[in-house]
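Residue strings, one per chain:
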Amino acid sequence: MANDRDRAEQDLRVIRSLMERATTYRAISAPTALCGAVLAIAAAFFINKDETRPRSFVVIWLGVLVLVLCANTLFVWREATRAGRPFFSASMKMAIRAVTPCLIIPLALTMWYLTTGYLGAQELLLVAIWIAFYGLALLATSFFAPRSLVVLGWCFLLSALAIPIVASNAPEEISALQLPNVLMAVTFGGYHLIYALCTWRRKGAEEPPNA
Amino acid sequence: MFDFDKLDRAIHEKGRLAIMTLLAAQRSWSFQDLKAELKMSDGNLVTHLRTLHKAGLVSMTKEVTDRPQTSYALTVRGRAAFKEYIQVLEQIVKAGKR
């Protein structure tokens, strides 16, 4: 009887761990985060020296986004090829379905900024939207994402909430023109760098999902 | 005393239980994904999948995109059987604790 119970308990443990593993999907890998962080910090330095703003501010950050997406595609493709899996895995489709609604408003606002919004120099508003909705997109994956990604999502969301306070208490050395760029460097650069460093060593042993 | 005949014999095997669990966690799995996740040999995986398919617990879809691919999913009967299997396991654990 004790043996049967042990076997049943063991089976239930196996079922649980397999289900957790099968449903965990890291939408942002450590190499992608590191690549994003390096590019974001580099872009922030470049923009800081650029006097021709404000439209180029968005163009440069969109360029960073495109480069990071290309790098991520390469990393995912390499991993899929190595494991003999399809590029568009079921988990990836699930992640895309989860984050897409969160990208509609930032996309619309970016389009508005590129057409007429830049005339009013609304960079801070745009950056707040980018940070907030990026955080929301990460949190939208929380039911199958590892804990570290959920923490990253909360960091972005809370940072967006803190922007009005930061803006009104910013040190004099940081001008109103520089602030959006500094915020981008700290969040997209700094947070991704910390995330990459924290998750890199776990690449082999995947952490449990957030649930 | 617990009636162990209640355990579905088709599922009550380590490899097949693992397959059923993955199929219950995610709607559809390709053969390659299952193989990579379970680290089973082709022959072993095919044998287990065939057993589950014959028992009516797993459905099989073959499609050809850039290369032929076979996907597997739980049938309605398979999902119910898996649920029932877990319930039986839980009953065994509970009965053992009494």
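Analysis parameters
Residues numbered from 1 in each chain as written. Chains lettered and ligands numbered in written order. Predicted model: local features only at pLDDT ≥ 70, side-chain atom pairs only at ≥ 80, totals over all residues. Heavy atoms only, no water. Core = buried A, V, L, I, M, F, W, Y, C linked by side-chain atoms within 4.5 Å. Buried < 20%, exposed > 50% of the residue type's maximum accessible area, 1.4 Å probe, protein only. Helix = DSSP H or I, 4+ residues; strand = E, 2+ residues; numbered from the N terminus. Contact = heavy atoms within 4.5 Å. Expected span 1.5 Å × (residues − 1). Bend = angle between axes of the 7 residues up to and from the residue.

### Quick notes on the nonpolar core
Counting residues in each nonpolar core, the largest one holds 39 residues, and the members touching the most others are F57(A), W61(A), V127(A), W130(A), I131(A), L149(A) and M184(A). Where this core is concerned, the elements lending two or more residues are α2 (30–49), α3 (55–83), α5 (123–140), α6 (147–168) and α7 (179–200) of chain A. Per-element tally for this core: the top contributor is α5(A), with 10 residues. The contact partners of M184(A), leaving out residues within four places of it in the chain, are F57(A), W61(A), V127(A), W130(A) and G189(A). Of all hydrophobic cores here, the second largest spans 35 residues; its members include A8(A), L7(B), L17(B) and M20(B).

### Looking at helix α4 (residues 90–115) of chain A
All names here are of chain A. Spanning 26 residues, α4 covers 37 Å between terminal C-alpha atoms, matching the ideal 38 Å at 1.5 Å per step. Of all the bends in α4, the largest measures some 40° and sits at T100, one to four residues before the proline P101. Inspection of α4 places S91, M92, A95, A98, V99, C102, P106, T110 and Y113 among the buried residues, and these make up the whole buried set.

### Brief notes about α5(A)
Between its first and last C-alpha, α5(A) extends 25 Å over 18 residues, near the 26 Å set by a 1.5 Å rise per residue. Burial of α5(A) is extensive: 13 of the 18 residues sit out of reach of the surface.

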